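Architecture at a glance
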Amino acid sequence: MADSTLGAYNIEDLRRMAKKRLPRGIFEYVDRGAEDEIALRNNREAYQALKIKNRVLIDVSNRSTETEIFGRKITMPFGISPTASAGLVCEGGEVGLARAAARMGVPCTAATSSLTPMEEIYEAAGGNLWFQLYMWTDRDLTATFVKRIRDTGFETMLVTVDSSASPNREYNHRNGFAMPLRYSATLIAQILANPGWCCRVLAPQYLKRGPFRKANNPPELASKLTQAEVESEYTKPASQSWDDIRRIRDMWPGNLLVKGLQSAEDAAIAAELGLQGVVLSNHGGRYLDSAPAPLQVVAETRSAVGPDFKIIIDSGARRGADIVKALAVGADMVMSGRPTLYGSAVAGEAGSYRALEIFRTEMDRVMAQLGINRVVEIGPHIFWNPPDWVFGGAKPQ
Ligand SMILES: Cc1cc2nc3c(=O)[nH]c(=O)nc-3n(C[C@H](O)[C@H](O)[C@H](O)COP(=O)(O)O)c2cc1C
């Protein structure tokens, strides 16, 4: 029987393995950040700087990582963030991600820009599937799309709001990698240097589905990844405002969250508008390079929105201990994008599942070491010598 560890004992192992299996331009598109990658590094450093105290001689033999969110039980307070073009790392990658999450019992977020239609993902995977929306300013187009998401069966929707300008990722230019995808000479050379990827991903994609395309796009929008986009005419990202969120709130009956915030001020507006929560995220360090790590703003956000409003964070979580630390500063749940994508590049659904299993095993081990039996017991008391931001400016005396 195949080794279910895949030879990967942590997320960094999966990352290294993924690097070998992908053309350089595609690996860097997934792996890297923006500009000087300050945010990318800081996302990790913020987690690593927090020290937690072990507690001994507490019976933890019946501990559990299980919790719930939006009325549904989840195996651990963790979910998969939306990642456009997951199909570039593994043929039908989005279905594998969603199936792995369903098997683990955690939420997975399907992306507007996915290369597999939302209906196909929903049908193939089921489970606790959420949807990520990129807004269009055209009201009719948005209304039709939101209805389609609802009719498919999604109950929770995240609206991504951090893309008022396209990000500055200089390595993509050097790699000849662009969205829409162009088969530049550099990218073709990188693809040819990776025949394994051609056989595993490119050839089956063309044979089964044709060219890579944003499979959810309505006919009005160009959908082939290689086509010139008309999409920005419809999204007008620079002109989007809270009015657009109000409009979507009024047409969406389920749980509605905004994703891509990095401040308590914005989270307070979301709470005031009656949304169910926010995803504090700096897009994995892929947009604003001097942004704080979401982890660093959780506590101040919690002070601003109160105890019941959901605060989910992503960006930089790579260890089970990170989930524990995020909850201890006040988050309800953690998500991550790259770890399960690395897994997907390594072994499709099995690889994504392996990433989830690593997070769960590590979280369970850390809970035991801290003397914690239940997720609700996690709080700021676990920290040794914490920085002020752990208390959101209200450090206990
Ligand atoms: C390749 C890739 C594609 C992404 N595409 C989207 C997207 O379409 N929509 C979105 O809201 N976020 C997208 N994100 C951001 C993720 O949802 C998430 O915020 C980020 O990956 C979290 O950081 P982490 O990878 O360090 O966990 C993408 C991230 C990556 C790595």
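Summarised in this report is the structure supplied together with it. (Residues numbered from 1 in each chain as written. Predicted model: local features only at pLDDT ≥ 70, side-chain atom pairs only at ≥ 80, totals over all residues.)

Right, let's get into the overall build of the chain. Broken down by element type, the chain carries 15 helices and twelve strands. Rg of the C-alpha trace for the chain: 20 Å, near the compact-globule value of 21 Å for 397 residues, within the 12% margin. Taken along its principal axes, the extent of the C-alpha atoms in the chain is 60 × 50 × 40 Å. Residue burial in the chain is summarised as follows: out of 397 residues, 50% are buried. (Helix = DSSP H or I, 4+ residues; strand = E, 2+ residues; numbered from the N terminus. Rg over C-alpha atoms; globule rule 2.2 N^0.38 Å. Buried ≥ 20, exposed ≤ 12 C-beta atoms within 10 Å, placed from the backbone.)

On to the nonpolar core, then. By size, the foremost hydrophobic cluster in this structure holds 110 residues, and its most contacted members are M157, V298, I323, A326 and A331. Top element by residues in this core is helix α15 (residues 338-370). It accounts for 14 residues. Those residues in contact with A331 that sit more than four places away from it in its chain are V298, I311, I312, I313 and A326. Core analysis: the next-biggest nonpolar cluster, separate from the first, contains six residues, A39, L40, Y287 and A291 among them. (Core = buried A, V, L, I, M, F, W, Y, C linked by C-beta atoms within 7 Å. Contact = placed C-beta atoms within 7 Å.)

This part covers the packing of helix α14 (residues 320-328) against α15. Where α14 meets α15, the closest approach of the two axes is 6 Å, and the angle between their N-to-C directions is 60°. Our classification of the angle between α14 and α15 gives oblique. Seen along the crossing, α14 lies across α15 with a hand that is right-handed. Contact with α14, carried on its side by G320, A321, I323 and V324, involves F359, R360, T361, E362, M363, R365, V366 and M367 of α15 and no other residues of that element. Its residues assigned to classes, the contact of α14 with α15 shows seven nonpolar, two polar and three charged. (Axes fitted to C-alpha atoms, helices over the stretch in contact; angles between N-to-C directions. Parallel < 35°, antiparallel > 145°, perpendicular 65-115°, else oblique. Left-handed = near helix turned anticlockwise from the far one by under 90°. Nonpolar A, V, L, I, M, F, W, Y, C, P; charged D, E, K, R; others polar.)

A few words on the pairing of strand β11 (residues 333-336). Strand residues, when the strand is regular, have side chains that alternate between the two faces of the sheet. Residues of β11 alternate between two faces, with M333 and M335 on one and V334 and S336 on the opposite face, all of them buried. Pairing analysis gives three bridges linking strand β4 (residues 78-80) to β11, with the strands arranged parallel. Across the sheet, residue G79 finds its bridge partner in β11, namely M335. As defined by bridge partners, strand β10 (residues 310-313) adjoins β11 across two bridges and the pair is classed as parallel. Residue pairing for β11: I312 is matched across the bridge by M333. Tracing the backbone out of β10, into α14 and back to the parallel element β11 gives a crossover that is right-handed. (Pairing = 2+ DSSP bridges. Right-handed = clockwise from strand over helix to strand, strands pointing away.)

Moving on, we get to helix α9 (residues 195-208). The end-to-end C-alpha separation of α9 is 18 Å, in line with the 20 Å expected for 14 residues at 1.5 Å each. Largest kink in α9: about 30°, centred on L202, with the proline P204 one to four residues after it. Two residues or fewer after α9 comes G210, characterised by a positive phi angle close to 85°. (Expected span 1.5 Å × (residues − 1). Bend = angle between axes of the 7 residues up to and from the residue.)

What follows is about the packing of helix α4 (residues 93-104) against α15. The description of two packed helices rests on the angle between their axes and on the distance between the axes. α15 packs onto α4 with a crossing angle of 20° between their chain directions and a minimal axis gap of 9 Å. Between α4 and α15, the angle is such that the two are roughly parallel. Where α4 crosses over α15, the two elements pack in a sense that is right-handed. Packed against α4, whose contacting residues are G93, G96, L97, R99, A100, A101, R103 and M104, the element α15 presents T340, S344, G348, E349, S352, Y353, L356 and R360 at the interface. Each residue belonging to the contact of α4 with α15 can be placed in one class, and the counts come to six nonpolar, six polar and four charged.

A separate point is helix α1 (residues 11-21). Listing the buried residues of α1 in full gives I11, L14, R15, A18 and R21. Taken around the axis of α1, the buried residues stretch over an arc of 125°, which confines them to a single face. Exposed positions of α1 whose direction lies more than 90 degrees from the buried face are R16 and K20. Looking at the buried positions of α1, the neighbouring elements they touch are α2 (24-31), α9 and α15. (Arc of directions from axis to C-beta.)

A few words now on the site of the ligand. Around the ligand, the surrounding shell holds 21 residues, and the nearest of these are S81, A84, G284, S336 and G337. Its residues placed into classes, the shell around the ligand shows five nonpolar, 13 polar and three charged. (Near = placed C-beta within 6 Å.)

Attention shifts here to the pairing of strand β8 (residues 255-261). With six of its seven residues buried, β8 lies for the most part within the structure. Alignment of strand β7 (residues 156-160) against β8, held across five bridges, turns out to be parallel. When the sheet's bridge partners are listed, M157 is paired in β8 with L256. Inspection of the sheet shows β8 paired to strand β9 (residues 277-280) by four bridges, in the parallel sense.

Moving on: the environment of P77. Here P77 is to be found in the loop between β3 (72-74) and β4. In this structure P77 comes out as buried when scored by C-beta crowding, with 24 C-beta atoms within 10 Å. For the pair P77 and L261, spaced 184 residues apart in the sequence, the C-alpha separation amounts to 20 Å. Not counting chain neighbours up to four residues away, the residues in contact with P77 comprise T67, I323, L327, D332, M333, V334 and V375.

Along the chain, L14 turns up in helix α1. Using a count of 29 C-beta atoms within 10 Å as the deciding quantity, one classes L14 as buried. Distance from L14 to Y342, taken between C-alpha atoms, is 5.6 Å for residues 328 residues apart in sequence. When residues no more than four places from it in sequence are discounted, the contact partners of L14 are A8, P339, Y342, G343, V346, G351, R354 and A355.

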